[in-house]
Structures are given as C-alpha cells and as structure tokens.
Amino acid sequence: MSAASCLLTEDQFLCSICLDVFTDPVSTPCGHNFCKACITQHWNVNVPYQCPNCNKLFYTRPELQVNTFISEMAAQFRQSAQQKASSSEQQAAKPGEVPCDVCTGTKLKALKSCLVCLVSYCETHLEPHLTMSGLKRHQLIDPVENLEGRMCTKHYKQLDLFCKTDQMCVCMLCIHSDHKTHDVVPLEEEYEGKKGELGKTETEIQQMIQKRRVKIQEIKHSVELSEEDADREIAEGVQVFTALKESVERSQAELIDTIKEKQRKTEKQAEGFIKELEQEISELKKRSTEVEQLSRSEDHLHLLQSFRTLNTAPPTKDWTGVRVSPPSYEGTVVRAVNQLEEMLSKQMKKLFEAELKRVQQSAVDVTLDPDTAHPYLILSDDGKQVKHGDVKKNLPDNPERFDTCAIVLAKQSFSSGRFYYEVQVKGKTEWTLGVVRESVNRKGSITLSPQKGNWMICLRNENEYKACTDPSVLLSLKPQPEKVGVFVDYEEGLVSFYDVDAAALIYSFTGCCFTEKLYPYFNPCLNDGGKNSAPLIISPVNHTE
C-alpha cells in the first residue's frame, strides 16, 4: 500500500469541493471522488444532480458508496501531511492572527487567503494552490478575516471595482445593473487615489499631533510659570505676614512695657510716701510714750521742768494734700494702634506698588473708535483724548454708535488673557471709566451695573466716587486720583481700578463671568458750562519703579 501511495500525486487525495484530504471518500458513477459530506451537501443544494468536476448530469440521485481504496490512501496521506506539518514547525494562530479555515483541531496560522475560494490556508493546506494548475490561477493575498465581506452579496462575485458615484465597491455584474450609468473604476485605481489622500491625511494628522504637542508644552510651561508665580507670591505673603506679626508682637510688648513702667513709677512714689509716713509714725509713737510717762509722774518739779522740752513737737509733714493718683492710660492703646496702623499703611503701600508694577506688565495700546462715539463728543486726531463739545455733530447713526449717553469705546477688544491701560482724569468734575461687553445696549439710556454687561467706577459732583454696582458703592478716595489704571484678567473674572500716582487700589470687581469680547469704555460726561471741559486722556504707561 505504501508503494502504491508513492505513485500517486498529492492532488489525487484532495476533495475538489473542500480542497482538503478526503474524509469518507465516495465515487460518482462518472468515476470522480469526493468527501461523502461534501457531495451530499452539494446535491442537497443543487438540482438537477451534476458532477462538480465534469458536469455530467444525473437524472436521478446516484447512490454513493465509500471507496475503500481511496479512503485508506487518504488516511495515509493525512498522516503524512500531519507529520509534514509537524516537521515544518508551523505555529498555532495566536489571538489577533488569522487562523487556517481548513485545519481541524489546533488551528494553525494562515499564510494566505484565497479571494476565489474565500478560505484562509496554513502552509500545508496552501500547497495545492501552489502546485495544482487549476488553483494556481486563484488570487492569493495576505491572510485576512471576513473574506465573505469581499464578495458581492447580490451576485456572489469578487468586489474588484469601485463606483465613485455611490462611493462603494462593486462587482463586474453590478456595473450592468444598479451602477450601469455610474462612474466606475478598477479597485486598484481608486486604491492608489485613496492611498494618496490617506498620505495627505496622515501628514495633516501628524501636523495636528505636532501642534498639540507644542500646545501641551506651552500649557506645561504656563503651569510652570504659574507655579513659580504662586511660590513667589507665597514667599512674599509669608514675608509680609511674618513682618506684620513681628510688628504686632513688638507693638504689643512695647504697650505692655509702657503700662508697666507707669505702674512701677506709681508704686515707687507710693513706697516713698509710705516710708516717710512710717518714719513720722515711729517718731510720734516715741513722743507718745514720753508724754504718757511724764503724765504719770507725781514729781511736780520734774514734770514742770520736762514739760517745756516735751511741748516742742517733732518736725512732721502736712499730708493733707498728698495723693497717690493712679497713672492715666488713656490713649496709650490708641497711640500704639495708630503707630501700628501707620506701619501697616506703609506696608500696604509697598504691596500696592508691587501689585501695580505687576499689572502694568499687561499694558496694551488703546485708541478711541470714532464709529462708536456719541455725536457730542470731540476726539483727538491720535484717538487718545475725548471731551464733551456741547455741539452735536451730524454723524451717521450706525449700529455701533451710542446715541444717548456721551460714550465712546476703544477700537481694541479683548476676549482672553490680561490687559491694562491708564487714563488721565485730572481737572475733571465728572467721568466714568471701565469695560463693557460687546453686546451692551448702545441706543437709549444705559444702566451701569455688572448685570447689564459693564464694570465701571465714576466721579460725580467733584468728589463723590462710586463703584457702579447695584446698589452703587461709595468710595472714599483721598487724595483724589489724577490718573486711573484699569486692569482686566479675562479668565480670572477680575476688573480692578488703581490710583496710579498713589499706587493704591481703588476698587475691584471679582468673580465676573465674561463670555463676550470686552471693550474699554470712556465717558467724559457733560461739559457743564466749562467746569468739566478737561478731556479724558489715554496715557502711555510709565512702569512704576
């Protein structure tokens, strides 16, 4: 039997339906062999009955008999193939790898997939496709899963064309039916085009990735700078509060020492009085004893002779007006607190100077926008000054222009970050400064409050300063500011106003929620018969030393 098997080729032991070694081989009346299960299933589906190899037609279903000779030969061949597979050290398919569809038991890793058979083969089961002339014409590709997805579900033909009209893969029969008038190209052609597009997309993606990596570094750098700022602020804060604590403790110790010193002086004075009084008491007791003894004497001569000497009183002090008054502590604590307050004021001034110096680092160039200016306002040619002119100019009533209040906005807007600018208000009796959101009402009267989208401070009646909240907050400003600094931190929701010359904080709006562009806002108010004729002047920022 072994010698006979050597005379037969391996092709003769493969079922032409499953392409695997025969299992229970049977012969058809025309002499061809198939696995019993394969030909049975084939004839269950296809009627009339026809040989898959030679297409011979049988009008009645042939009775199949097991071919014992072929069965024995196939068994030997299967054993030989298993030994060959074992000797070639093929590996079992790992998770994620395509397994061989023909292997029974342990599924080996597939080397190729056949687009005609729609089957993936390991090295052993691939051999017929490499040796048999009929199978050599089949198209082999690197192993893939879901081979059925590469076939047209309607015509069961390979998807080898691409319809550009419907943007889908089609088969040869599709172009004669559903896609008859469509723009159809070979799959390879569309593949090359799409591959080129993917290359561009990949380049774009890599550029986007790079931009995001740069942004990550930028954000990390911002965090590092923020951390440095935080550490510096903490260190400065600890230094300031440590100094304040030491000053308070020192002032407290000095207050206690002052009070105790006054008490010591009082006690020393009292001790002197008491000592002097005790000395006089001692002398008086001595005289009292002498008087008592003399009064008991019955010697007339002795009494009369001693009486003259005894009658002379010892020198004593008139204590009637002598008082030990408790020391006055009135004003002691007040004076100590006043001194501490002076020290705190100096320290606060230093802090505000440092704060103003920091916010001045966010200085921006601001110019006035004539398209927003009320017709009564007069703007300088450089866009840095504005005042009320008492004469209404004939200007177009564009949507940006304020038509009721004497307002003008800056050309510049800000929707992120920090910005700072300074405005000279010297010589004015009324003015309003701040920032507004882009959608603020520009026609008719305007209500000044953060709820209406504006954050302002103002001067009224020469010395009445207010923060324009609802209700407004009166501000006590001494001396009156001649130059006002306006600082905004968009993300922090902060608007702060500073007296630049005094390096003092005037007022801060905190916890604001900005969602629109912000514009610097200027209102020089009415001319008031010349009393308020001085202009508001946007000044260059001279950084505080």
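Definitions and cut-offs
Residues numbered from 1 in each chain as written. Predicted model: local features only at pLDDT ≥ 70, side-chain atom pairs only at ≥ 80, totals over all residues. Heavy atoms only, no water. Helix = DSSP H or I, 4+ residues; strand = E, 2+ residues; numbered from the N terminus. Rg over C-alpha atoms; globule rule 2.2 N^0.38 Å. Buried < 20%, exposed > 50% of the residue type's maximum accessible area, 1.4 Å probe, protein only. Contact = heavy atoms within 4.5 Å. 1 Å grid on protein atoms, 1.4 Å probe; cavity = no way out; pocket = protein on both sides within 12 Å on 5 of 7 lines; lining within 4 Å. Points joined across faces, edges and corners; volume = space filled by probe spheres on them. Nonpolar A, V, L, I, M, F, W, Y, C, P; charged D, E, K, R; others polar. Core = buried A, V, L, I, M, F, W, Y, C linked by side-chain atoms within 4.5 Å. Pairing = 2+ DSSP bridges. Axes fitted to C-alpha atoms, helices over the stretch in contact; angles between N-to-C directions. Parallel < 35°, antiparallel > 145°, perpendicular 65-115°, else oblique. Left-handed = near helix turned anticlockwise from the far one by under 90°. Salt bridge = Lys/Arg side-chain N within 4 Å of Asp/Glu carboxyl O. Polar contact = N/O pair within 3.5 Å; in protein donor to acceptor, adjacent residues only side chain to side chain.

A. Highlighting the overall build of the chain. Of the regular secondary structure elements, the chain holds eight helices and 24 strands. Against the compact-globule benchmark of 24 Å for 545 residues, the chain has a radius of gyration of 55 Å, which places it well outside the compact range. Structurally, the chain occupies a C-alpha span of about 190 × 95 × 40 Å along its principal axes. For the chain, with 545 residues in total, the buried portion stands at 32%. Within the chain, counting contacts between residues at least 6 apart in sequence, those at least 24 apart form 56% of the total.

B. Geometry of the layout of surface pockets. Counted as a void, the largest pocket has a volume near 870 Å³. Lining the largest pocket are 26 residues, with Glu-233, Glu-355, Arg-358, Val-359 and Arg-418 sitting closest to its centre. Of all the secondary structure elements, the ones that give two or more residues to the lining of the largest pocket are helix 6 (187-295), helix 8 (332-359), strand 20 (483-489) and strand 21 (494-499). Broken down by element, the lining of the largest pocket gets its largest block of residues, nine residues, from helix 6. Within the lining of the largest pocket, the residues separate by chemical class into nine nonpolar, six polar and 11 charged.

C. The arrangement of the nonpolar core in detail. Trp-431, Val-484 and Phe-522 are the most contacted members of the largest nonpolar core, which totals 37 residues. Val-484 has contacts with Tyr-421, Glu-422, Val-423, Val-425, Trp-431, Leu-433, Ile-457, Phe-497, Tyr-498, Val-500 and Ile-506, leaving out every residue within four places of it along the chain. One finds Cys-15, Phe-22, Cys-35 and Phe-58 within the second-largest nonpolar core, a separate group that totals 19 residues.

D. The arrangement of the pairing of strand 21 in detail. With five of six residues buried, strand 21 is to be regarded as a mostly interior element. As paired elements, strand 20 and strand 21 share six bridges and run antiparallel to each other. Across the sheet, the residue bridging to Val-486 is Phe-497, located in strand 21. In textbook terms, the turn of a hairpin is the stretch between consecutive antiparallel strands, and for strand 20 and strand 21 this stretch comprises four residues, one of which, Gly-493, has a positive phi near 70°. Where strand 21 meets strand 22 (residues 504-509), five bridges bridge the pair, whose relative direction is antiparallel.

E. Quick look at the packing of helix 6 against helix 8. Contact pair helix 6 / helix 8: the axes reach a minimum separation of 9 Å and the direction vectors enclose 165°. One finds that helix 6 runs roughly antiparallel with respect to helix 8. Between helix 6 and helix 8 the crossing geometry is right-handed. Contacts between helix 6 and helix 8 pair Glu-233, Glu-236, Val-240, Leu-244, Ser-247, Val-248, Ser-251, Leu-255, Thr-258, Ile-259 and Lys-262 from the former with Thr-332, Val-333, Arg-335, Ala-336, Leu-340, Met-343, Leu-344, Gln-347, Leu-351 and Arg-358 from the latter. Here the residues of the contact of helix 6 with helix 8 are counted per class, giving 11 nonpolar, five polar and five charged.

F. Structural detail: the pattern of salt bridges. Tallying each qualifying case throughout the model produces 17 salt bridges. Across the pair Glu-292 and Arg-296 runs a salt bridge whose closest N-O atoms are separated by 2.4 Å. You can call Glu-292 partly exposed: its relative accessible area is 38%. Overall, Arg-296 belongs to the exposed group, its relative accessible area being 61%. Through salt bridges with shared partners, one network takes in Lys-164, Glu-190 and Lys-194.

G. Representation of helix 7 (residues 300-310) within the structure. Burial runs low along helix 7: only one of the 11 residues are buried. Capping of helix 7 at its N-terminal end is provided by Asp-299; its side-chain oxygen lies 3.2 Å from the backbone amide nitrogen of Leu-301.

H. Layout of the environment of Ile-141. Among the secondary structure elements, Ile-141 is positioned in strand 8 (residues 140-141). Considering only alpha carbons, one finds Ile-141 and Cys-114, 27 residues apart in sequence, at a separation of 6.5 Å. Not counting the four nearest positions on each side in its chain, Ile-141 is found in contact with Lys-112, Ser-113, Leu-115 and Arg-150.

I. Molecular detail of the sheet that holds strand 18 (residues 464-467). The six strands lie next to each other as 14-23-16-17-18-19, forming an open sheet whose pairing is antiparallel. For this open sheet the edge positions go to strand 14 (408-409) and strand 19 (473-475), each flanked by a neighbour on one side alone. As paired strands, strand 16 (residues 431-437) and strand 23 (residues 518-523) are joined by six bridges and run antiparallel to one another. Residue pairing across strands places Arg-437 opposite Leu-518, the latter belonging to strand 23.

J. Geometry of the packing of helix 6 against helix 7. At their nearest, the axes of helix 6 and helix 7 sit 11 Å apart, and the two run at 160° to each other. Taken together, the axis directions place helix 6 and helix 7 in an arrangement best described as roughly antiparallel. Crossing of helix 6 over helix 7 shows left-handed handedness. Of helix 7, the residues touching helix 6 (which contributes Arg-287, Glu-290, Val-291 and Leu-294) are His-302, Leu-303, Ser-306, Phe-307 and Leu-310. Partitioned by chemical class, the residues of the contact of helix 6 with helix 7 number five nonpolar, two polar and two charged.

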